[in-house]
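Okay, here's what each chain looks like letter by letter:
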Amino acid sequence: MADLFSVTAPLYVKRDDGREHVMAERFKHPDGVLFFDLFWHMHTPANKAIHLLTGEIKGEGPWRIGDAVINVLGCQHTNPDMATAYSEWQTYLENGAPDYPEITAIENLARARGAVI
């Protein structure tokens, strides 16, 4: 069984209403999964790029949570635009990401939204 929180491959979320996200950060939450979009820290306000998926986590990959399905990004080349966005994210991180918050600040932000770390 693949655990959603131990998978190291990039993951994306697709909701029933068609919205899609690539997860930059993800955390366990008592109500489901809390995740941050790519470049979440550049959104104004950043809260618009932090999401809570509510419901029981089901599956082994893909996973289902409420109205959302979480899958490995680029699985069978189904998400070229999202894969490009993730590649840009990786380049940003590899170049030092000078304005990206430290992990402790990210975890504190997640905890403030109820995440269990």
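Shown above is the structure to which this text applies.
Model, not experiment: these values are computed from the prediction.

Caption draft 1: Structural detail: the pattern of salt bridges. Taken as a whole, this structure holds one salt bridge when the rule is applied. Between Arg19 and Asp17 there is a salt bridge whose closest N-O contact spans 2.8 Å.

Caption draft 2: Structural context of the environment of Gly55. Within the secondary structure, Gly55 is located in the loop between β4 (50–54) and β5 (58–59). Sequence-wise, Gly55 and Tyr86 are 31 residues apart; in three dimensions their C-alpha atoms are separated by 26 Å. Other than its neighbours up to four places away in sequence, Gly55 contacts Asp31, Gly32, Ile65 and Gly66.

Caption draft 3: Expanded view of unusual backbone geometry. In this structure, the amide linkage connecting Thr44 to the following residue, Pro45, adopts the cis form with an omega of -10°. Inspection of the secondary structure assignment puts Pro45 in the loop between β3 (32–37) and β4. Cis geometry marks the peptide bond from Gly61 to Pro62; its omega dihedral reads 10°. As for its position among the elements, Pro62 is in the loop between β5 and β6 (63–65). At Phe39, a residue that is not glycine, the phi angle is positive and equals roughly 55°. Residues other than glycine seldom take positive phi values, yet Ala97 does so here, at roughly 40°. Mapped onto the secondary structure, Ala97 falls in the loop between α1 (80–94) and α2 (103–112). Using a relative accessible area of 8% as the deciding quantity, one classes Ala97 as buried.

What counts as what
Residues numbered from 1 in each chain as written. Predicted model: local features only at pLDDT ≥ 70, side-chain atom pairs only at ≥ 80, totals over all residues. Heavy atoms only, no water. Salt bridge = Lys/Arg side-chain N within 4 Å of Asp/Glu carboxyl O. Helix = DSSP H or I, 4+ residues; strand = E, 2+ residues; numbered from the N terminus. Contact = heavy atoms within 4.5 Å. Buried < 20%, exposed > 50% of the residue type's maximum accessible area, 1.4 Å probe, protein only.

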